[in-house]
Amino acid sequence: WVYIESLSSLAQKGAILDKNTELAYIPTILQSLTMNVLAVFNKKLAAKTTRWENHRTNTAFINSMIFKTFSFEITNTFNPLLYIGFWRLELGALRDELFALYTTDEIRRLVTETLIPYAQKKIAATAMVKKDLEKKLTQEEYVQAKLKELDLAVYDNYDDYLEMIIQFGYITIFATAFPLSGALSLAFNYMEKNSDAIKLKHAYRRPIPTIVNGIGSWQSWINFMSHICLVTNTILIAYSSTL
């Protein structure tokens, strides 16, 4: 019922999207990029509609934003996986898709959120650094260099929370099909820790510390996925078991 002949022909033997060729990774990359574009658009739309709601407190505003954006994000991320795993009932294809999508998304985040902003700032600051090394930087130039830091983006921890919750979904919801996710997450989180340090030091303004008593409504989403994973893994085990 979702069959489109023109798209299906691209996946035939020898075509550009044939999964048995050396270009088999192209659909996953395109899928990851499309998901990212949709997520950016949805975040802007959610922020605009949440402002229209005119919440009384900042906490209510944040909770409404999290509900809108994360409910879309979890659908946007896991819908293709649910289709493969629970409609087509192909555990092997689900495992391949999980591995490809998970690693592609992690690499995409590392490049777009850390390496590119860091490189842009270093290139822009090259001339100023050279003058500083030559001891020719005047007091006015030094002040101007520091004022330019105000042009950096404001750090928002929403994306970092979202990455961790989505990663938690990969690990738990499809644990039966993708048991390697835990080990991969450990490796990626080590790289993420170091890339976030670079991001906070070079690519964003210094964040202002605030006192909170928890992670807010993110905890509700963790609890939700903790219950969902019991159902999904039970179904996957039942259909993949050879007993």
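About the thresholds
- Residues numbered from 1 in each chain as written.
- Predicted model: local features only at pLDDT ≥ 70, side-chain atom pairs only at ≥ 80, totals over all residues.
- Heavy atoms only, no water.
- Core = buried A, V, L, I, M, F, W, Y, C linked by side-chain atoms within 4.5 Å.
- Buried < 20%, exposed > 50% of the residue type's maximum accessible area, 1.4 Å probe, protein only.
- Helix = DSSP H or I, 4+ residues; strand = E, 2+ residues; numbered from the N terminus.
- Contact = heavy atoms within 4.5 Å.
- Salt bridge = Lys/Arg side-chain N within 4 Å of Asp/Glu carboxyl O.
- 1 Å grid on protein atoms, 1.4 Å probe; cavity = no way out; pocket = protein on both sides within 12 Å on 5 of 7 lines; lining within 4 Å.
- Points joined across faces, edges and corners; volume = space filled by probe spheres on them.
- Nonpolar A, V, L, I, M, F, W, Y, C, P; charged D, E, K, R; others polar.
- Axes fitted to C-alpha atoms, helices over the stretch in contact; angles between N-to-C directions.
- Left-handed = near helix turned anticlockwise from the far one by under 90°.

Participant: Account for the nonpolar core, naming residues and giving values.
Facilitator: One finds Phe 70, Phe 78, Leu 81, Leu 94, Leu 98, Tyr 170 and Phe 174 to be the most contacted residues of the largest nonpolar core, which totals 29 residues. Going through the elements one at a time, helix H3 (58-87), helix H4 (91-124), helix H7 (158-173), helix H8 (181-203) and helix H9 (218-240) are the ones with two or more residues in this core. With residues near it in sequence (within four places) discarded, Phe 70 still touches Tyr 158, Leu 162, Ile 165, Ile 166, Trp 218, Trp 221 and Met 225.

Participant: Explain the pattern of salt bridges to me, using residue names and the numbers behind them.
Facilitator: A full pass over the atoms with the stated rule returns one salt bridge. The partner of Glu 53 in a salt bridge is Lys 68, with the nearest N and O atoms 2.6 Å apart. Taken together, the positions of Glu 53 in the loop between helix H2 (26-52) and H3 and Lys 68 in helix H3 put the pair 15 residues apart, joining distant regions of the chain.

Participant: Go over the layout of surface pockets, please, and point to the residues and values.
Facilitator: Its volume calculated, the second largest pocket comes out at about 1,400 Å³. Lining of the second largest pocket is provided by 30 residues; of these, Pro 27, Gln 31, Ile 84, Arg 88 and Glu 97 occupy positions nearest its centre. Only helix H1 (5-8), H2, H3 and H4 provide two or more residues apiece to the lining of the second largest pocket. Here the lining of the second largest pocket takes seven residues from H2, the largest share from any one element. Residue composition of the lining of the second largest pocket, grouped by class: 18 nonpolar, eight polar and four charged.

Participant: Mind laying out the packing of H3 against H7, listing which residues take part and the relevant values?
Facilitator: It is at 11 Å that the axes of H3 and H7 come closest, and there the two elements cross at 35°. Pair H3 / H7 crosses with right-handed handedness. Contacts between H3 and H7 involve Ile 66, Thr 69, Phe 70, Glu 73, Ile 74, Thr 77, Phe 78 and Leu 81 on the former and, on the latter, Tyr 158, Leu 162, Ile 165, Ile 166, Gly 169, Tyr 170 and Ile 173. For the contact of H3 with H7, the per-class residue count stands at eleven nonpolar, three polar and one charged.

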